[in-house]
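The lines below spell out each chain.
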Amino acid sequence: TYLLLSLFIVSGLNRYDILFLSEITHEMVFNAIEEPVIVLDSEGYILNFNQASWQLFGALGELSNGDNIGSYPILAHLLFENMVQPVTIDERHYQVRLISILKQHGTIIVFTNVTEITNTKKQLEILATTDQLTGLYNRRYFMDYFDIVQNDGVIVLLDIDQFKKVNDTWGHP
């Protein structure tokens, strides 16, 4: 009965190309992911990577299966850092996630592009801490700054009465 059941299973696998389709499906899904993904073994050798990795690491040279991650300086430190970390490559910002495979048998590295979020955050920080007209730091900046600073110091604020007349007479610059 085991032999007969095995023959039915093998004929079904061959008839419907199950083994062939699983490999095609794997490659299609892996390459359809828009985020760069690199799969490493436990010693840091590249097992696989998707097409988005080619675009991201074009500046590094060609990625090749079997290369050690240490041969790419930007990537070498990733395995020794935290599980989620920021990385900047070619003025683009990425959040890098390390996903462990089956009890340290390997690692999946996923790069998520957060450039737009990072730039928006920087712009909001500038808007929140500077005066829009003069470009000088505002009260919020100094309050945050003095919470951080440990040194003693003095703040001098000047309020000049009738300063509009000075600007109008001598010029705003």
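Our structure's up above, just so we're on the same page.
Cut-offs applied
Residues numbered from 1 in each chain as written. Predicted model: local features only at pLDDT ≥ 70, side-chain atom pairs only at ≥ 80, totals over all residues. Heavy atoms only, no water. Helix = DSSP H or I, 4+ residues; strand = E, 2+ residues; numbered from the N terminus. Buried < 20%, exposed > 50% of the residue type's maximum accessible area, 1.4 Å probe, protein only. Areas by Shrake-Rupley, 256 points an atom, 1.4 Å probe, with all protein chains shown as cover. Core = buried A, V, L, I, M, F, W, Y, C linked by side-chain atoms within 4.5 Å. Contact = heavy atoms within 4.5 Å. Pairing = 2+ DSSP bridges. Axes fitted to C-alpha atoms, helices over the stretch in contact; angles between N-to-C directions. Phe/Tyr/Trp six-rings, centres within 6.5 Å; stacked < 30°, edge-to-face > 60°. Salt bridge = Lys/Arg side-chain N within 4 Å of Asp/Glu carboxyl O.

### Structural notes on the overall build of the chain
At step 1: If you tally the helices and strands in the chain, you get seven helices and five strands.
At step 2: Its helices and strands in sequence order give the chain the pattern α-α-β-β-α-α-β-β-β-α-α-α, from N to C terminus.
At step 3: Of all 173 residues assigned to the chain, the portion counted as buried reaches 21%.
At step 4: When the accessible surface of the chain is summed, it comes to about 13,800 Å², and 59% of that surface belongs to carbon and sulfur atoms.

### Here we look at the nonpolar core
At step 1: Membership of the largest hydrophobic core comes to 18 residues, with the highest contact counts inside it found for I38, F57, L75, I109 and F111.
At step 2: Breaking this core down by element, the ones donating at least two residues are β1 (37–41), β2 (46–49), β3 (84–89), β4 (92–101) and β5 (106–113).
At step 3: Top element by residues in this core is β4. It accounts for three residues.
At step 4: In this view, L75 contacts I38, F57, I69 and F111; residues no more than four positions away in its chain are not counted.

### Considering the sheet that holds β1
Strand pairing within a sheet occurs via backbone hydrogen bonds; the two strands may be parallel or antiparallel.
At step 1: Ordered in space as β2-β1-β5-β4-β3, the five strands form an open sheet in which the pairing is antiparallel. What marks the edges here is a single partner per strand, and that holds for β2 and β3. This sheet shows a mean twist of 25 degrees between the axes of neighbouring strands, independent of strand direction.
At step 2: Here eight bridges tie β4 to β5, and the two strands are oriented antiparallel to one another.

### Remarks on the packing of aromatic side chains
At step 1: Here the structure, examined in full by the defined rule, presents seven aromatic pairs.
At step 2: Each ring, one from Y137 and one from F142, has its centre 6.4 Å from the other, and the planes form 85 degrees; the classification is edge-to-face.
At step 3: Given the relative accessible area of 47%, Y137 is considered partly exposed.
At step 4: Among the residues examined, F142 registers a relative accessible area of 37% and is labelled partly exposed.
At step 5: Note on F142 and F146: the rings are 6.1 Å apart at their centroids and 25 degrees apart in plane angle, and the pair reads as stacked. Residue F142 and its partner F146 are both found in helix α6 (residues 139–148); the two are separated by four residues, about one turn of the helix.
At step 6: On the accessibility criterion, F146 (39% relative accessible area) is partly exposed.
At step 7: Members of the aromatic cluster, connected to one another through ring pairs, are Y137, Y141, F142, Y145 and F146.

### Topic: the pattern of salt bridges
At step 1: Overall, the coordinates contain two salt bridges when judged by the stated rule.
At step 2: Residues R97 and E35 are paired through a salt bridge, measuring 3.6 Å at the closest nitrogen-oxygen approach. Of this pair, R97 sits in strand β4 while E35 sits in the loop between α2 (18–32) and β1, and the two are 62 residues apart along the sequence.
At step 3: Owing to a relative accessible area of 32%, R97 belongs among the partly exposed residues under this scheme.

### A few points about the environment of S42
At step 1: Along the chain, S42 turns up in the loop between β1 and β2.
At step 2: The sequence separation of S42 and I101 amounts to 59 residues, and the corresponding C-alpha distance is 8.8 Å.

### Some remarks on the pairing of β3
In summary, the side chains of a regular strand alternate between the two faces of the sheet.
At step 1: Burial along β3 is one-sided: the face carrying Q85, V87 and I89 is buried and the face carrying V84, P86 and T88 is not.
At step 2: Sheet topology note: the β3/β4 ladder contains six bridges and is antiparallel. Note on β4: the bridge partner recorded for I89 is R92.
At step 3: Counting the residues that bridge the hairpin from β3 to β4 gives two residues, and of these D90 lies at a positive phi of roughly 50 degrees.

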